[in-house]
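# Inside the fold
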Amino acid sequence: MTTRRLASLAAAALLLAGCDSAARPDTIEVAPSTRPCPDSGIRLTTGRTEAAAGLRALSVTLTNCGRATVELNGYPRLTLLDADGEPVEHVTVLEGTDEITTGIRDDGPHRITVRPHAGAVTSLVWRNTYDDLTRPPVTAPHARIDPGLGRGTTTLTPYAPFDLGSTGKLGTTAWKPA
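So, a few notes on the structure that sits alongside this text. These numbers were taken from a predicted model, which means no experiment stands behind them.

As enumerated under the stated definition, the model contains one aromatic pair in all. In this structure, Arg48 is placed above the aromatic ring of Tyr159, and the distance from its NZ or CZ to the ring centre is 6.0 Å.

The next point concerns the side chain of His142. Here His142 lies in strand E10 (residues 142-146). Overall, His142 belongs to the buried group, its relative accessible area being 18%. At 2.6 Å, the side chain of His142 and the side chain of Thr157 are in polar contact. Apart from residues lying up to four places away in sequence, His142 is in contact with Thr79, Leu80, Leu81, Asp82, Ala83, Thr155, Leu156, Thr157 and Phe162.

With that out of the way, let us pick up the pattern of salt bridges. If you walk through the whole model with that rule in mind, you get five salt bridges. Note that Lys169 is salt-bridged to Glu99, the shortest N-O span being 2.5 Å. Placement of Lys169 in strand E13 (residues 169-172) and of Glu99 in the loop between strand E6 (92-95) and strand E7 (112-114) is noted, with a sequence separation of 70 residues between them. We note a salt bridge from Arg105 to Asp107, for which the minimum N-O separation is 2.6 Å. Note on Arg105: relative accessible area 67%, which makes it exposed. Overall, Asp107 belongs to the exposed group, its relative accessible area being 52%.

Attention now goes to the sheet that holds strand E5 (residues 77-81). Pairing within the open sheet is antiparallel, and its three strands lie in the order E5-E10-E11. Only two strands of the sheet have a single neighbouring strand rather than two, namely E5 and strand E11 (154-156). The mean angle between the axes of side-by-side strands here comes to 25°, regardless of whether they run parallel or antiparallel. Two strands pair when backbone bridges link them, and E5 and E10 are joined in this way by five bridges, in the antiparallel orientation. Paired with Leu78 across the strands is Ile145, a residue of E10.

Cut-offs and rules
Residues numbered from 1 in each chain as written. Predicted model: local features only at pLDDT ≥ 70, side-chain atom pairs only at ≥ 80, totals over all residues. Heavy atoms only, no water. Phe/Tyr/Trp six-rings, centres within 6.5 Å; stacked < 30°, edge-to-face > 60°. Lys NZ or Arg CZ within 6 Å of the ring centre and 35° of its normal. Helix = DSSP H or I, 4+ residues; strand = E, 2+ residues; numbered from the N terminus. Buried < 20%, exposed > 50% of the residue type's maximum accessible area, 1.4 Å probe, protein only. Polar contact = N/O pair within 3.5 Å; in protein donor to acceptor, adjacent residues only side chain to side chain. Contact = heavy atoms within 4.5 Å. Salt bridge = Lys/Arg side-chain N within 4 Å of Asp/Glu carboxyl O. Pairing = 2+ DSSP bridges. Axes fitted to C-alpha atoms, helices over the stretch in contact; angles between N-to-C directions.

Spatial relationships are all this shows, so hold off on functional conclusions.
See the structure below:
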């Protein structure tokens, strides 16, 4: 076999391997359309964690599966949780993303109306950066999210954990229409 043909086969194998990992589910949850609507009338789901050069971004979608219109105004309240469901220490949740990156736009809080069967989205942004090697890495497999509606919280488990390096900082965008 020629070197050129071997390189082509190796590239094809890598592409196929990448397709397999991209096809994995984004969360450990059942698809939203097959689950009953929670008593709160609000369903929260995560997208896939996007990662590049240490920057991480995860979208969280709020779907109004209830019968009443809801209004959001502001940022979600987040608590990162360990494997036992306990809050992770040394985490700072920021309103806005500028301290993490200027590449993800946050228009700031404003009132949005979410009608039944409609949705809203927020982005969670962090870096896997080590600026203090004397501190252990901050890692959390779960996030407890309060959308700010007074209807309780939801715990989500994205496919990839929150890996905040030693900074422990996570930024959020304000809710916006989906």
